[in-house]
Amino acid sequence: MNKFKKFFYSQKVAPYVFVLPFILSFAFFWIYPLCSTITMSFQDITPTGTEWVGLKNFSKLLKDTVFHTAILNSFEYMILTLVLLIPFPMLFAVLMDSRLVKAKGFWKACLYVPALTSVVISGTLFRLMFSEYATGQMNVITTFLGLGTFKWLKMKATGLTALLIVCCWRWTGVNMLYFISGLKAIDTALYESADIDGATAWQKFRYVTIPLLKPTTIYVLTISVYAGLSMFMESYMLWAGPDSPNNIGLTIVGYLYKRGITKNQLGYGSAVGIVLLVIALAINIVQLVLNGTFKKEED
Amino acid sequence: MKKKVLATLLSVAMVSSVLAGCGGSGDSASTESGSEAAETTDAAEETADDAAAEEGTEEAAAEEEIPTSTFGDPNGTHLEMWTFVELHGQHYGNMVEKWNEENPDRTIEITCTTYPYADMHTKLLTSLTAGTGAPDICDVEIGQFPNVVAGESTWLVPMNDYAAPYLETMVKARMDVYAGADGNYYGIPYHVGAFVMYYNVAAMSEAMGLSQDEVIAKIDSVVTWDDYAALGQEYVDAIATEGKYWTSVDTAGVDWQWIAMAEYGDDWTGGFDEPANVQLDSVKQMLTMEQNWVNSGLAQVSPDGHVDLEAGFQNILDHNIVSFPKAMWYMSRFTNYMPEESGNWYIAKCPVFEAGQPCSVGVGGTGTVVTQQSANIELAAEFLAWAKMSEEGEQLIWDNLGFDVCNTALWNDDAFAHDDSNQYNAFFINYPYDVLYSIKDDIGKIYSVAISPTINEQFCNVTLNDILENGMDVDEALQAAQDVVDLEQ
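Keep in mind it's a predicted model, so treat the numbers as computed, not measured. Each residue is numbered by its place in its chain's sequence as written, counting from 1. All chains are assigned letters beginning with A, and all ligands numbers beginning with 1, in the order in which they are written. With pLDDT at 70 or above as the cut-off, local features in this predicted model cover only qualifying residues; side-chain atom pairs require 80 or more to be listed or tallied, and sums for whole chains, interfaces and linings still use all residues. Hydrogens and water molecules were not included; the side-chain quantities draw on all heavy atoms of the structure.

Asks: I'm lost on the overall build of chain A in this one. Help?
Replies: Elements are defined by DSSP. Helices are runs of H or I of four residues or more, strands are runs of E of two residues or more, and each kind is numbered from the N terminus. Tallying secondary structure elements over chain A gives 14 helices and two strands in all. Rg of the C-alpha trace for chain A: 24 Å, well past the compact-globule value of 19 Å for 299 residues, more than 25% over. With respect to the three principal axes, the spread of C-alpha positions in chain A is 80 × 75 × 40 Å. Each residue's exposure class comes from its accessible area (1.4 Å probe, protein chains only) as a fraction of the maximum for that residue type: buried when under 20%, exposed when over 50%, partly exposed otherwise. Here chain A, with 299 residues, has 48% of them falling under the buried criterion. Any two residues having at least one pair of non-hydrogen atoms within 4.5 Å are treated as being in contact. Considering only contacts within chain A whose residues lie at least 6 apart along the sequence, 63% involve residues at least 24 apart. Throughout, the Shrake-Rupley method with a 1.4 Å probe supplies accessible areas, and for residues the shown protein chains are the sole cover considered. In the structure as shown, chain A presents an accessible area of about 15600 Å², 72% of it carried by carbon and sulfur atoms. Of the charged side chains in chain A, 25 are positive and 15 negative, and the gap between their average positions amounts to 7 Å. Radius of gyration: C-alpha atoms only; globule rule: 2.2 Å multiplied by the number of residues to the exponent 0.38. A positive count includes Lys and Arg, and a negative count includes Asp and Glu. His and the chain ends are not counted in either. The atoms used to mark charge sites are NZ of Lys, CZ of Arg, CG of Asp and CD of Glu.

In structure tokens:
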């Protein structure tokens, strides 16, 4: 008993015991699938057997025009979501933190509720709203505005618009919460001293809020890059499956799903996953280095 | 120091979320929520509250109700069955009661679970790959069949022996489409899916100022696609209203290409031995004709891509189109979704390019399989063959599901085909089985092989949209499709 107690009270051992559950689940659910994905990407997996094929899956990806479309779509989507989902939530967060807005709790809840709804249900509703038929919600609105009707989910531009609307609807509130928590961490004394120095509201935002929100912004940027590249559910629900006209809604993960799951080509699907991993890691490492996240502290 | 901690945290968050995303490919059961799960991870690292909320979302999604029904004798052998159409499950429910009456010593209890289409096929493939978790009996849609039959006898039970007593009167082509590359039959069909032409006689007679009989006489005299287009022009000229078309062409379905191939005896899949070739003259001819119709205002592009969708039903109800070719199983869409059209529609043979060509093809379908994972293979297979191929089974398939059954002996059986209490016989102007019987020897088949999903996907996603929506040159679009197909073979 004493030994047992000593073991757990030992300052050397205890930390490892505490992190063990995380390490185990991390190894089991993340490291292991990653390794097996890498192995599988060099294999051709059929119901009757598994065969090593070297780089064949990757060389096929180079020639696969559908995959290229998927990459392009994911990139466009990611960039546009960055443009929309960082400035606007930041703005909303600042508004929520200011004295300009009444009933803050209500507005916060309004913006956050979409993130709590099931994508399956909201996606289905959005699909019906974007129906090309004249009775679809969006077409009713555009007709009312005198713009005529659109085949929303058939054309590239309108399809992407629909996706972005769903995305903004869903994630604005979440990003806003990140920024609000970032704002809470900013010392109010800084604003007071800025007031004393005669700074305008814009100057306070530009020279106090933005620089001090940088860690939060970098975090949001990092997860948004990955979330944008790995988007799947929104497009899957909007087009009721991984297929869309002219592949306008096909994303990298959508293609992974289509190959790996629908067509049961797990080897090829794994190769798609590896490419996604490499792209997302590369972009984020470059972005983090440029933002100075890995730099040594100067203080 | 703070920054360093942040940097570490960020890297971990980033890597772990990437890993979670990729993990999805290996662990297929949860892939659909894979991306969501990745985001859950991110949220969890920021605030615990967010994480809890996200998990709540997923639980809510998982709790969606899956209809499950159990039929038969609770003391009998238990069989598990999956389908993606609830009515199919009910068919087995009815059949199991009959089976138990006839076989009191080998009674069955069957649980039928209805999953959404894509989910069911994904679940089935995953459980077959994993070697555990598959049901005894499962419906497989024909478009998905090649993925499942790839497992041949490792995954599925060859049905040859069990189907043998019924084969004589079955349409052989429909058995062949559910065969594996080894030549064994793995799936049992519900229907022929004979391709026919549906005409809205009431709307035509009103617009053209003719009696119904005169319109029917005109329809009956249509032999070629040129005749069909001419009659359509007559209708469009008579009605002369914007938004009213003769027919609608599909961008999300390849039925029109199938009928063209069947008429010329072509098959773009090349069957089990030849390489696939989509640049066939028959396909080109059909696409060019469809493109011309769209340009001339004779046809519109089907809303949402084909007529078997809500938008398609609405389009038919609004009389925006008054004729379209579709398989005979579309009859049930009329009774289920467009009951107010009762008495208006007439079924006729499909037109051909050159007189004398065969005028139909078996389209769509569901093959039901027995998996090797079943603990009662013998019983499951015997029951399945009986439930779908025996006369009792076929009678119920026609009465409840409204399918053109594969047992040709019944097609001209008066009691079966001309039963006026049958809702489909009552709905249409003519008896559907009379049309079916008249094209008995004209029903072609298109193979469903490993390359089929690729061809269908390319056509429905890209090629047909390019040609019919974007006005692309037919040869150019087909070349692009062939390039994609070639990458896979």
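Additional details are given in the paragraphs that follow.
Asks: What is the right way to look at unusual backbone geometry in this model?
Replies: Note on backbone geometry: most residues besides glycine have negative phi, and most peptide bonds are trans. All names here are of chain A. Even without glycine at this site, Asn247 takes up a positive phi of about 55°. Inspection of the secondary structure puts Asn247 in the loop between helix H12 (233–238) and helix H13 (252–262). Using a relative accessible area of 4% as the deciding quantity, one classes Asn247 as buried.

Asks: So what exactly am I meant to see when it comes to the sheet that holds strand S10 (residues 345–348) of chain B here?
Replies: Strand pairing in a sheet relies on backbone hydrogen bonds, with the paired strands running either antiparallel or parallel. Residues and elements named next belong to chain B. One open sheet holds the three strands; their spatial order is S9-S6-S10, and the pairing between them is antiparallel. Taken across any chain shown, the strands that pair with only one partner, and hence form the sheet edges, are strand S9 (323–327) and S10. Averaged over all pairs of adjacent strands, the angle between strand axes in this sheet comes to 30°, irrespective of strand direction. Here, a strand pair is defined by DSSP locating no fewer than two bridges between the strands. Lines fitted to C-alpha atoms define the axes, with helix axes restricted to the stretch in contact, and inter-axis angles between N-to-C directions lie between 0 and 180 degrees.

Asks: Looking at this structure, how should I read helix H4 (residues 65–85) of chain A?
Replies: Across its 21 residues, H4 of chain A extends 29 Å between first and last C-alpha, which sits within 8% of the 30 Å expected from 1.5 Å per residue. Taking the backbone nitrogen of Val66 of chain A as reference, a side-chain oxygen 3.1 Å away marks Asp64 of chain A as the first, capping residue of H4 of chain A. By definition here, a helix of n residues has an expected span of 1.5 Å times n minus one. Throughout this description, a polar contact denotes any pair of N or O atoms lying within 3.5 Å of each other; where both atoms belong to protein, one of them has to be capable of donating a hydrogen while the other can accept it, and for residues adjacent in sequence the pair is counted only when both atoms sit in side chains.

Asks: Would you mind going over the nonpolar core with me for this structure?
Replies: Across soluble globular proteins, nonpolar side chains show a tendency to be buried alongside one another. Residue and element names in this part refer to chain B. We define a nonpolar core as any set of buried Ala, Val, Leu, Ile, Met, Phe, Trp, Tyr and Cys residues linked to one another through side-chain atoms lying within 4.5 Å. Ile110, Tyr198, Trp225, Trp268, Phe383 and Phe459 are the most contacted members of the largest nonpolar core, which has 132 residues in total. Ranked by residues supplied to this core, first place goes to helix H17 (residues 377–389) with nine residues. For the domain bounds, the source is a domain assignment made automatically or taken from a database. Inspection of this core shows a minimum of three residues originating in each of domain 2 (68–189 + 366–404) and domain 3 (195–361 + 444–487). Once residues within four sequence positions are removed from consideration, Trp225 is found in contact with Met197, Trp256, Ile259, Glu263, Met286, Met289, Trp293, Cys350, Pro351, Val352 and Phe353.

Asks: It is not clear to me how the side chain of Lys388 of chain B should be interpreted in this structure. Could you clarify?
Replies: Residues and elements named next belong to chain B. Looking at the element boundaries, Lys388 is found in helix H17. Within the local environment of Lys388, its side chain forms a polar contact with the side chain of Thr368, the two groups lying 2.4 Å apart. Setting aside anything within four residues of it in sequence, one finds Lys388 in contact with Tyr92, Ile188, Pro189, Tyr190, Thr366, Gly367, Thr368, Glu394 and Ile397.

Asks: Even after reading the chapter, I still don't get the confidence of the model for chain B, so can you show me in this structure?
Replies: One confidence number per residue, pLDDT, is output by the predictor and ranges from 0 to 100. Per-residue pLDDT for chain B has a mean of 85; in total, 87% of the residues score no lower than 70. When the criterion is pLDDT under 50, residues 12–63 of chain B qualifies, and its contacts beyond four places in sequence or with other chains add up to 84 contacts.

Asks: Would you mind showing me how to read the packing of aromatic side chains here?
Replies: Given two aromatic rings, their pairing is described by the distance between the two centres and the angle made by the two planes. Classification of ring pairs rests on two measures: the distance between centres of Phe, Tyr or Trp rings, Trp counted by its six-membered ring, which must be within 6.5 Å, and the angle between planes, read as stacked under 30 degrees, edge-to-face over 60 and tilted in between. Under the criterion given, the structure shown has 54 aromatic pairs over all chains. Ring geometry for Phe28 of chain A and Phe29 of chain A: centres 5.1 Å apart, planes at 90°, overall edge-to-face. Here Phe28 of chain A and Phe29 of chain A have matching classes, each one exposed. Ring centres of Phe334 of chain B and Phe428 of chain B lie 5.4 Å apart, and the angle between their planes is 85°; on these two criteria the pair is classed as edge-to-face. Taken together, the residues span a long stretch of sequence, with Phe334 of chain B in helix H16 (residues 331–337) and Phe428 of chain B in the loop between helix H20 (423–427) and helix H21 (432–438) at a distance of 94 residues. What makes Phe334 of chain B buried here is its relative accessible area of 0%. In this structure, Lys60 of chain A is placed above the aromatic ring of Tyr268 of chain A, and the distance from its NZ or CZ to the ring centre is 4.4 Å. Working rule: Lys NZ or Arg CZ, within 6 Å of ring centre, within 35 degrees of ring normal, means a charge sits over the ring. For the cation-ring pair, Arg206 of chain A lies above Tyr207 of chain A, with the distance from its terminal atom to the ring centre recorded as 5.1 Å.

Asks: Help me understand a nonpolar patch on the surface in this model?
Replies: Residues and elements named next belong to chain A. Patch membership requires more than 30% relative accessible area and the absence of a salt bridge. Residues of like charge join within 9 Å; the nonpolar side chains Val, Leu, Ile, Met, Phe, Trp and Tyr join within 5 Å. Each reported salt bridge corresponds to a side-chain nitrogen of Lys or Arg within 4 Å of a carboxyl oxygen of Asp or Glu. A grouping of Tyr16, Val19, Leu20, Phe22, Ile23 and Leu24 is seen on the molecular surface, where their side chains present a nonpolar patch of about 610 Å² in accessible area. With respect to the element layout, Phe22 can be found in helix H2 (residues 14–40). Relative accessible area serves as the criterion here: at 43%, Phe22 is assigned to the partly exposed category.

Asks: Whenever I open this one, the sheet that holds strand S5 (residues 188–189) of chain B confuses me. Can you help?
Replies: All names here are of chain B. Judged by pairing direction, the sheet is mixed, and its six strands sit side by side in the order S1-S3-S2-S4-S12-S5 without closing on themselves. Single-partner strands in this sheet number two, and they are strand S1 (68–72) and S5. Strand direction decides the pairing type here: strand S2 (residues 77–83) and strand S3 (residues 108–114), joined by seven bridges, are parallel. The partner of Thr77 across the bridge, within S3, is Ile108. Against the sheet, H17 engages S2, S3, strand S4 (137–141), S5 and strand S12 (366–370), with an angle of about 155° to S12.

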